[in-house]
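# Report on the structure
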Amino acid sequence: MDMSIAALSVNMHQAQVQQDMGIAVMKMAMESDVSMVDEALEMVESLDPALGNNIDISV
């Protein structure tokens, strides 16, 4: 199994590109999740702005 320096370099570069692409996709998914949570929170707050502001602790 004799691999030239050029072939090794190409293989390493391709692996780096695949890793970079995977990281970019994960970042996009995380940003999408954060925006969906923000939208859901805004929707809940618009229903009743006082919701969750008061806690009744008397028993």
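Scroll up to find the structure this text is about.
Notes on the structure follow. (Residues numbered from 1 in each chain as written. Predicted model: local features only at pLDDT ≥ 70, side-chain atom pairs only at ≥ 80, totals over all residues. Heavy atoms only, no water.)

## Some details on the overall build of the protein chain
When you go through the protein chain residue by residue, the secondary structure sums to one helix and zero strands. Burial statistics for the protein chain: of 59 residues in total, 0% are counted as buried. When the accessible surface of the protein chain is summed, it comes to about 5800 Å², and 65% of that surface belongs to carbon and sulfur atoms. (Helix = DSSP H or I, 4+ residues; strand = E, 2+ residues; numbered from the N terminus. Buried < 20%, exposed > 50% of the residue type's maximum accessible area, 1.4 Å probe, protein only. Areas by Shrake-Rupley, 256 points an atom, 1.4 Å probe, with all protein chains shown as cover.)

## Some details on a nonpolar patch on the surface
A cluster of nonpolar residues, Met-3, Leu-8 and Met-12, forms a patch on the protein surface that exposes about 300 Å² of accessible area. Tracing the backbone shows Leu-8 in helix α1 (residues 5-47). The exposure class assigned to Leu-8 is partly exposed, which follows from its relative accessible area of 39%. (Patch = residues over 30% accessible without salt bridge, like charges linked within 9 Å, V, L, I, M, F, W, Y side chains within 5 Å. Salt bridge = Lys/Arg side-chain N within 4 Å of Asp/Glu carboxyl O.)

Function-wise, these values are silent; they only describe arrangement.
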